[in-house]
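# A look at the structure
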Amino acid sequence: MGKNNDNNHIKRQPNKLNTFIKDYILLIVIIILIIVFSSINPAFIFIENIFYIIKQASILGFIALGLCLIVIIGEFDISLAAIPNFVAVVTIVLIKYDVSNTYILWTLGILTAIILSMVNSIFVVHIGVPSFIVTLGTQFSLTALSRALTMGGQVVHPPFIPAGFSVLGQGFLFSVIPVAVVIFLVGAAIILGIVEYTPFGRKLYAVGSDPDACNHVGIKVKSTKMKAFFITGVLYGIAGILMSSMFNSCSAAMGTVYLFPGIISVFLGATFLSTGYSNIRGTIVSAFFLSALVNGFATIGMPFFLRSIIQGLILLGAIGYQKFGKGKYEISTKV
Amino acid sequence: MSIESSEKEKRKNNIIIKVENVSKYFPGVVALDDVTFEVKKGEIHAVVGENGAGKSTLCNIITGIYKPDKGRLYWKGKEAHFSLPKDALDVGIRMVYQERNLIPFLTGAQNICLGNEFKKGIFTDEKAIYKKALEIKERLGTNVYLNEKVKNLSPSTRQMIEILRAFILEPELLILDEPTSSLSEGDIKVLFQVINNIKKEGISIIFISHKLNEVFAISDRLTIFRNGKSRHTANTSEIDRNTCIKYMINRDLKKTYPEVVSHVKKEKILEVKNLKALPEIKDVSIHVYKGEVLGLYGLVGSGRTELSEIIYGLRKRQDGEIVYNNFAINNDFYTEDAIKKGLLLIPEDRKEHAIFNLFNIKQNISIPVLKSKLSKAFGLLKLKEERDYAEDIVRSPSLSLKYRDLKQSLDQLSGGNKQKVIIGRWLGIKNTSLFIMDEPTQGIDVGTKYEIYILARELAAKGIAVIFISSELPELLGVCDRMYVFRFGYVTKELQRNEFSEEEVLKYTLA
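All figures in this text were calculated on a predicted structure; none of them were measured in a lab.

Further remarks concern the overall build of chain A. Across its full length, chain A holds 13 helices and two strands. Relative to the globule expectation of 20 Å for 335 residues, the C-alpha radius of gyration of chain A, 21 Å, shows essentially globular dimensions. Reported as C-alpha extents along the three principal axes, the dimensions of chain A are approximately 75 × 55 × 40 Å. For chain A, buried positions account for 45% of its 335 residues. Restricting the contact set of chain A to residue pairs at least 6 apart, pairs at least 24 apart contribute 76%.

Below, the discussion takes up the domain arrangement of chain B. Residue and element names in this part refer to chain B. Domain assignment breaks chain B into domain 1 (14-249), domain 2 (260-342 + 431-511) and domain 3 (358-429). Contact residues are listed per partner, giving eleven residues for domain 2 and eight residues for domain 3. Top element by residues in the side of domain 2 that touches domain 3 is helix α17 (residues 446-461). It accounts for three residues. For the side of domain 2 that touches domain 3, a count of residues per class yields four nonpolar, five polar and two charged.

Moving on to the sheet that holds strand β12 (residues 229-235) of chain B. All names here are of chain B. Reading across from one edge, β6-β9-β10-β3-β11-β12 is the order of the six strands in this open sheet, with mixed pairing throughout. Each end of this open sheet is capped by a strand with a single partner; those strands are β6 (93-96) and β12. Adjacent strand axes in the sheet meet at a mean angle of 20° when their direction is disregarded. Here strand β11 (residues 221-226) runs beside β12; their pairing, made up of six bridges, is antiparallel. From the neighbouring strand, T223 faces β12, where its bridge partner is T233.

Our focus in this paragraph is helix α15 (residues 383-395) of chain B. Residues and elements named next belong to chain B. The terminal C-alpha atoms of α15, which comprises 13 residues, lie 18 Å apart, in line with the 18 Å expected from a rise of 1.5 Å per residue. Among the residues making up α15, those that are buried are E386, A390, I393 and V394. All buried residues of α15 project into a common sector of 95° when viewed along the axis, lining one side. On its buried face, α15 sits against α13 (361-366) and α16 (415-427).

Turning next to the environment of A:I59. Residues and elements named next belong to chain A. For I59, the location among the structural elements is in helix α2 (residues 47-72). In this structure I59 comes out as buried when scored by C-beta crowding, with 27 C-beta atoms within 10 Å. For the pair I59 and A180, spaced 121 residues apart in the sequence, the C-alpha separation amounts to 8.2 Å. For I59, the contacting residues outside a window of four places in its chain are A239, L242, M243 and Y258.

All names here are of chain A. Across chain A, pLDDT averages 84, with 91% of residues at or above 70. Low pLDDT, under 50, characterises residues 1-13; the predicted model gives this stretch 30 contacts beyond four residues in sequence or across chains. Ignoring residues within four places in sequence, the model shows residues 326-335, a span with pLDDT below 50, making 16 contacts including any to other chains.

Quick notes on the rules
Residues numbered from 1 in each chain as written. Chains lettered and ligands numbered in written order. Predicted model: local features only at pLDDT ≥ 70, side-chain atom pairs only at ≥ 80, totals over all residues. Helix = DSSP H or I, 4+ residues; strand = E, 2+ residues; numbered from the N terminus. Rg over C-alpha atoms; globule rule 2.2 N^0.38 Å. Buried ≥ 20, exposed ≤ 12 C-beta atoms within 10 Å, placed from the backbone. Contact = placed C-beta atoms within 7 Å. Domains from an automatic or database assignment. Nonpolar A, V, L, I, M, F, W, Y, C, P; charged D, E, K, R; others polar. Pairing = 2+ DSSP bridges. Axes fitted to C-alpha atoms, helices over the stretch in contact; angles between N-to-C directions. Expected span 1.5 Å × (residues − 1). Arc of directions from axis to C-beta. pLDDT = per-residue confidence, 0-100.

See the structure below:
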């Protein structure tokens with residue numbers, strides 16, 4: 001087939017080494033960072049620290065996966081940290097008021113996140129408000145509400161936490177593997193399966209890439225987007241429960257540490273395997289990368305402001321790199 | 001001896017640009033292969049060829065976007081090296097692109113002077129801008145509104161402004177890339193008038209087009225490209241259409257259209273009665289038989305496309321009845337239902353309504369059947385079957401897609417091959433009874449057009465009804481069994497194949 005191909009717009013194809021570096025740049029950087037951090041402070045590669053990083057990555061991972069779905073359908077969600085934060089506040093406050101049944105706590109936590117995400121989706125999908133604006137509104141309202149529930153932003157620390165509840169964030173499977181990590185790996189595998197290997201996942205990408213073409217092949221844009229917001233709600237809910245059960249407490253600001261890394265994970269993920277668009281695999285890898293990075297900065301004692309600057313540069317670099325490398329990379333958020 | 005050399009000198013001066021033995025390679029593809037091409041001063045030189053023949057690469061070399069891998073470029077007899085587009089602009093080469101690059105919320109005059117604004121102190125001098133635009137407009141003898149925002153202007157006016165824009169700095173060579181692609185017959189006449197005025201000023205024009213009749217109407221000379229090579233250059237008056245096509249596609253095309261053997265059955269597959277969907281459709285009644293290729297002809301805005309969108313469930317209506325295969329289509333009818341019932345449509349706007357830019361060839365083909373044909377337990381995709389499914393379709397003899405890899409992105413394919421992918425998307429659906437093709441040959445090379453005509457006839461031979469919508473009357477006359485003529489939301493005439501004639505149709509098309 002190749003020989004009688006007569007079109008002249010084929011792009012330049014780089015050699016194998018270049019392609020390899022381009023595809024796996026994220027993993028290469030992770031390895032370099034691990035070497036750098038552990039040579040500065042050997043505590044970085046202590047097994048406890050590594051599990052701590054992975055545990056952190058599981059909360060960040062659920063948040064980033066949730067945002068990733070929204071970005072795939074061509075929208076954006078800035079309430080990615082506020083919703084899990086609110087879920088954490090709700091569960092801890094419920095515990096404080098003597099709700100001790102773990103299943104009820106889980107159900108109510110996840111339900112809260114689903115409802116909030118569906119509120120986002122109604123404004124975005126049915127009323128047609130730009131998603132950035134809607135979710136910015138949700139973010140502010142929820143942060144304020146969290147503050148109200150925590151009596152002006154204090155750390156709420158209930159005297160008694162049901163044992164079944166804290167297992168999620170603090171328990172170990174076979175006394176070595178953190179339960180949170182297992183939950184994340186299972187959750188990530190399910191989301192990966194849904195998004196990359198089912199017709200529904202293909203629809204998500206289709207809706208985000210060309211909504212007009214979707215109408216022409218019988219894909220319902222609105223309901224597909226609603227479903228994405230629903231799944232995102234579930235993921236945010238799990239993230240929120242992990243948060244509260246990991247720390248046995250809550251505050252109105254505990255989610256903010258995930259805000260920026262969550263966004264970066266999704267866009268950095270687009271560089272993984274040179275896909276050029278946000279995808280699940282890349283997001284998972286990036287979430288681990290960012291957890292390691294944040295933890296590494298702390299272990300080598302880097303000043304707080306510098307960490308934020310570096311994170312900002314990574315975000316700009318990831319998007320710029322794609323734009324530069326591909327020449328056609330577009331972030332499909334409508335701001 | 002001296003006479004000969006001065007003759008040669010004169011000839012040399014007469015050539016404004018010469019491309020000599022130029023080659024351009026892309027990985028795996030020779031885009032231009034040892035091409036020599038020249039344009040005389042003050043001539044209209046048409047460049048024709050199928051998609052991917054090398055026309056655009058040639059223009060990109062002339063305008064300094066690409067550097068040639070081999071060969072030389074001469075500007076007015078002197079060797080030129082355009083390392084940047086700016087170098088070509090500086091000597092007076094202007095290209096008017098196919099896609100519009102105007103700023104919608106600026107006026108015509110502001111767009112014309114964009115980047116070269118007149119200033120009064122630190123502010124723009126709107127009066128001077130308008131004056132300059134007016135001057136250019138009058139010089140070319142056009143009639144466009146300069147004070148209206150571009151977003152309120154018709155496509156033809158926008159195209160004209162795009163051309164006027166080239167005159168803000170004096171051009172010596174103007175390249176027009178498919179300037180007529182979105183214009184009506186009347187607008188094309190006006191455009192040609194303007195092009196002739198430009199020519200009278202001694203400015204050379206390279207006119208790129210698919211449409212041979214336009215090339216014959218406007219150009220002085222023409223060069224035919226095929227597979228990256230310049231195949232033939234001739235004075236337009238000394239070459240005929242068929243010779244031209246022969247050079248373009250390298251096979252003797254005895255007929256532009258396939259033989260029409262009627263397979264029309266008695267049974268109606270679709271009946272539309274007194275359909276009303278204002279403002280486009282006022283009162284339309286049509287019917288289609290199984291095994292029939294039915295043509296819909298009318299000017300842009302006459303209601304053809306809107307009708308097809310209502311039938312396909314993309315648009316609502318106010319009144320009227322639609323019965324498809326004994327099933328009443330009402331306003332709750334959705335495209336998903338249409339596809340399930342074997343009612344398919346290829347949209348007019350391929351880029352916006354058909355192609356998924358994120359997806360490769362395989363995924364663009366499999367998208368409508370993922371759930372019905374390519375899923376296994378737990379709703380997971382059968383990825384291997386998906387590949388086989390797409391491969392069967394693109395390799396089927398009626399499609400014979402030219403591609404490198406099923407994982408190739410569609411933006412690497414020519415217009416004709418893109419359209420084949422879009423058609424292929426529907427070929428795997430087995431219960432098809434009605435296939436609507438809205439402008440299926442728009443922006444497609446002659447060879448692929450012929451293949452699409454054959455495909456439409458093949459579908460009809462299988463008993464499928466085909467509604468063929470087109471603005472190109474000759475192709476409807478060539479392919480259809482029967483046709484309806486539309487005007488301002490009404491059906492003005494129904495014609496059987498034996499009544500087909502261009503005059504008859506036009507009589508009912510125009511008011």
